[in-house]
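# Examination of the molecular architecture
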Amino acid sequence: MAETSAPHDDDDDFQTGDAGASSTYPQQCSALRKNGYVMLKSRPCKIMEMSTSKTGKHGHAKVHMVGIDIFTGKKYEDICPSTHNMSVPNVKRVEYSLMDIDNEGYVSLLDDSSECRSDIKLPEGELGTEIRSKFENGEALKITVLQALGEEAIVTCKAEQESRK
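The numbers attached to residues start from 1 for each chain and follow its sequence in the written order. Confidence filtering applies because this is a predicted model: local features only for residues at pLDDT of at least 70, side-chain atom pairs given and counted only at 80 or more, and all residues used for totals across whole chains, interfaces and linings. Water and hydrogen atoms were dropped before computing side-chain values, which therefore reflect all heavy atoms in the structure.

Let us look at the side chain of Lys142. Take Lys142: it is sitting in strand β10 (residues 141-148). Only protein chains enter the accessibility calculation, which uses a 1.4 Å probe; a residue whose area is less than 20% of its type maximum is buried, one above 50% is exposed, and one in between is partly exposed. Counting rule applied: Lys, Arg positive; Asp, Glu negative; His and chain ends not counted. Any carboxyl oxygen of Asp or Glu within 4 Å of a side-chain nitrogen of Lys or Arg constitutes a salt bridge here. Of the side chains bearing the opposite charge, Asp112 lies closest to the buried Lys142, which forms no salt bridge; the N-O distance is 4.1 Å. Sequence-distant contacts of Lys142, that is, excluding residues within four places in its chain, are made with Glu95, Tyr96, Ser97, Asp112, Thr156, Cys157, Lys158 and Glu160. To qualify as a helix, a DSSP run of H or I must reach at least 4 residues; to qualify as a strand, a run of E must reach at least 2; elements of each kind are numbered from the N terminus. What makes two residues a contact is simply this: any of their non-hydrogen atoms within 4.5 Å.

What follows is the structure in structure tokens.
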């Protein structure tokens, strides 16, 4: 029984980090604004409606929020005291140039630094159909991808502006 490696070598399991950037940060409820982002029921949501209600003599003002999940479009509601902190997702928007769409519906995207990626699927529904038909008609498209909490989704597309010199 001659082993080439030490018996404890194969149990090292390291989680990859992302330079210490947190996926959410706390913000006081009263500082949140409509069209901003917030975590509702553990999902990243865009705030659609907000209303504040004053309570009794010694109570706290409560904030009622309605938000739409930025990835699924599902509606969430929550009520919290205005002095409490809520988690706000770090949402990042990245624009890519659309290069190709394969048979499975995955898109090949090129970013500003000429890095290519092919791991994002075309969205379901109208947006996906619109992107595919415009691409098949030979239009150059810019695709906007929203990133939050390790999830990514295509949210918009627009015609790419030709740079004229």
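For the rest of this paragraph, the subject is the state of the cysteines. By definition, a disulfide links two cysteine residues through a covalent bond between their sulfur atoms. Note on disulfides: each one is a pair of cysteine sulfur atoms within 2.5 Å. Summed over the entire model, instances satisfying the criterion amount to one disulfide. Across the disulfide from Cys29 sits Cys80; the S-S distance is 2.5 Å. Residue Cys29 is located in the loop between β1 (24-28) and β2 (37-40), and its partner Cys80 is located in strand β5 (residues 75-81); the two are separated by 51 residues in the primary sequence. Like Cys80, Cys29 is buried.

The strands making up a sheet associate through backbone hydrogen bonding, with each pair oriented either parallel or antiparallel. Pairing between two strands is assigned when DSSP locates at least 2 bridges connecting them. Taken in spatial order, the five strands of this open sheet run β9-β8-β7-β10-β11, and their pairing is antiparallel. What marks the edges here is a single partner per strand, and that holds for β9 (116-121) and β11 (151-159). The average undirected angle you get between the axes of adjacent strands in this sheet is 45°. Relative to strand β8 (residues 106-110), strand β7 (residues 92-101) runs antiparallel, the two being bridged by four bridges. Across the sheet, Leu98 pairs through a bridge with Leu109, a residue of β8. An axis is simply a line fitted to the C-alpha atoms; with a helix, the fit covers only the stretch in contact. Between two such axes, the angle follows the N-to-C directions and lies from 0 to 180 degrees.

Our focus in this paragraph is the nonpolar core. Side chains of a nonpolar character, in soluble globular proteins, are inclined to be buried together. Core analysis: the biggest nonpolar cluster contains 14 residues, and Leu98, Val107, Leu109, Ile131, Ile143, Val145 and Ile154 have the highest contact counts within it. For this core, the secondary structure elements donating two or more residues are β7, β8, β10 and β11. Per-element tally for this core: the top contributor is β7, with four residues. Those residues in contact with Leu98 that sit more than four places away from it in its chain are Val107, Ser108, Leu109, Ile131, Phe135, Leu141 and Ile143. Throughout this description, the term nonpolar core refers to a set of buried Ala, Val, Leu, Ile, Met, Phe, Trp, Tyr and Cys residues connected via side-chain atoms within 4.5 Å. Judged by nonpolar contacts, the second largest core, of twelve residues, contains Cys29, Ile47, Met65 and Met86.

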